[in-house]
Amino acid sequence: MPPLEFLSKGIYEAGFDAFAVMPAAPLEYMRAILRQAQRENRYPDFTDPDINKRTEPRALLNSALSVISLAVAYRTVEPGPTPPLHGSVSRSAWGIDYHRILNRRLDHLIVFLQKHFQVTEWAKAVDTSFLVDRALAVQAGLGYPGANCAVYVPPYGSWVFLGALLVNVELPRTEKKTENNWLQPIHCEGCVRACPTGALYAPGKIRPRRCISYLTQMSGEIPLEFREKIGTKLWGCDICQEASPVNKRAQLSRHKEFLPLSGTSLPLLPLLKMTNRQFKKEYGLTSMAWRGKNILQRNACIVLGNQGNPEAIPALKQTVENHPSPVVREAAAWALERIIL
Ligand code: SF4
């Protein structure tokens, strides 16, 4: 079997759906994009401020010669409407935390590469690495950037988790369909029109601190100006991905791990009463758990306030009186005021 075909077989069997291989070269396009974001005060809070480092694969693995950019598809079922006293969860957090899954699959892939491609040094990059996984994916030719700032990997749309593996050997290169995926024209701007907070304000331009995905994960109090716009979103936001016609036709995932563990939306009143132990037991396997219980309870209060359902009043009153976190108490008081007044 030719080496590229053999590599492809190993990657698919390790549990990945698509991949592209590129030399471990600096990510020049992303460097320019991040510098512009920094100048315009749009640089994301959760990330390393060192742009050179974030766009230099060899900063993660000095001996890197190749980068394999990888994708795992996660579109499973379609979410129904959010019932009363429930909050919706982004598709990416329905199933088992993808960081766990991708890291485990990368471990399998490493064993395969050690055995068949003489790899002796490697580094994994799954979301929490300082490297920009989207930039690796586009530069390697795995996908192309959408107006909503997500990477589209045919035939899975932007419903993909991205990861990368840096290795110290020259692997067979994948063919690029276009010379430079960064320069692919963007034909649709439906996501920009759909974004409720104006976070996405032009194709490929985002103000991350206005994004509901960021707001539902940030610590502290959610700024008042965005609370109503959060609507029924308990965790994350898929609006700009759902707005994409390409994503409506996207191929479904073969991975059962990403099916909803507890539904596509969660009941808010039981969530408000949960102890840490109950929270861990109920949601500990999902990526929602990384911020802890209080952040989800704060978000639950915001959603209840937006829904205006009087059935939430007793639980919100109890939260105002008894919750140990001032941030959650404040959110509950805000919600109560909206329902009662
Ligand atoms: Fe806007 Fe939601 Fe997309 Fe964020 S995730 S840019 S809030 S539509």
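Scroll up for the structure.
These remarks concern the structure in this document. (Residues numbered from 1 in each chain as written. Predicted model: local features only at pLDDT ≥ 70, side-chain atom pairs only at ≥ 80, totals over all residues. Heavy atoms only, no water.)

**Regarding the pairing of strand β2 (residues 66-73)**
Each regular strand shows side chains that alternate between the opposite faces of the sheet.
Next up, step 1: Of all 8 residues that make up β2, 8 are buried, and the element is covered over most of its length.
Next up, step 2: Both faces of β2 are covered, namely the face carrying S66, I68, L70 and V72 and the face carrying V67, S69, A71 and A73.
Next up, step 3: With 6 bridges connecting them, strand β1 (residues 18-23) and β2 associate as antiparallel partners. Counted as the bridge partner of F19 is L70 from β2. (Buried < 20%, exposed > 50% of the residue type's maximum accessible area, 1.4 Å probe, protein only. Helix = DSSP H or I, 4+ residues; strand = E, 2+ residues; numbered from the N terminus. Pairing = 2+ DSSP bridges.)

**Brief notes about the state of the cysteines**
Next up, step 1: As enumerated under the stated definition, the model contains 0 disulfides in all.
Next up, step 2: Considering cysteine sulfurs only, C191 is the nearest to C188, which forms no disulfide, with 6.1 Å between them.
Next up, step 3: Here C188 falls in the partly exposed class, since its relative accessible area comes to 32%.
Next up, step 4: Assessed through its relative accessible area of 6%, C191 is described here as buried. (Disulfide = S-S within 2.5 Å.)

**Details of the sheet that holds strand β11 (residues 265-267)**
Next up, step 1: With respect to topology, 3 strands assemble into an open sheet ordered β10-β3-β11, the strand pairing being mixed. Two strands lie at the open edges of the sheet, namely β10 (233-235) and β11, each paired on one side alone. Going across the sheet, the axis of each strand differs from the next one's by a mean of 45 degrees, ignoring polarity.
Next up, step 2: Pairing of strand β3 (residues 86-89) with β10 involves 2 bridges; the strand directions are parallel. Paired with S88 across the two strands is K233, which belongs to β10. (Axes fitted to C-alpha atoms, helices over the stretch in contact; angles between N-to-C directions.)

**Points about the environment of K281**
Next up, step 1: In this fold, K281 is placed in helix α13 (residues 276-283).
Next up, step 2: Once the C-alpha coordinates of K281 and L162 are considered, the two residues, 119 residues apart in sequence, prove to be 27 Å apart.

**Examining the nonpolar core**
Next up, step 1: In terms of nonpolar packing, the biggest core is built from 49 residues, with V89, L234, L271, M288, L304 and L316 touching the most fellow members.
Next up, step 2: In this structure, this core is formed jointly by two domains, domain 1 (3-77 + 94-167) and domain 2 (190-244 + 262-340), each of which donates at least three residues.
Next up, step 3: Excluding residues within four positions of it along the chain, L316 makes contact with L272, C301, L304, A332, A335, L336 and I339.
Next up, step 4: Of all hydrophobic cores here, the second largest spans 33 residues; its members include A24, L27, L61 and F130. (Core = buried A, V, L, I, M, F, W, Y, C linked by side-chain atoms within 4.5 Å. Domains from an automatic or database assignment. Contact = heavy atoms within 4.5 Å.)

**Points about the pattern of salt bridges**
Next up, step 1: Taken as a whole and assessed by the stated rule, the structure comprises 12 salt bridges.
Next up, step 2: In this structure, D45 engages R209 in a salt bridge whose closest nitrogen and oxygen atoms are separated by 2.8 Å. Linking D45 in the loop between α2 (28-39) and α3 (51-54) with R209 in the loop between β9 (205-206) and α8 (212-215), this pair joins segments that are 164 residues apart in sequence.
Next up, step 3: Note that E228 is salt-bridged to R338, the shortest N-O span being 3.8 Å. Taken together, the positions of E228 in helix α9 (residues 224-230) and R338 in helix α16 (residues 326-340) put the pair 110 residues apart, joining distant regions of the chain.
Next up, step 4: One connected set of salt bridges, linked through shared partners, spans R75, E78, R91 and E242. (Salt bridge = Lys/Arg side-chain N within 4 Å of Asp/Glu carboxyl O.)

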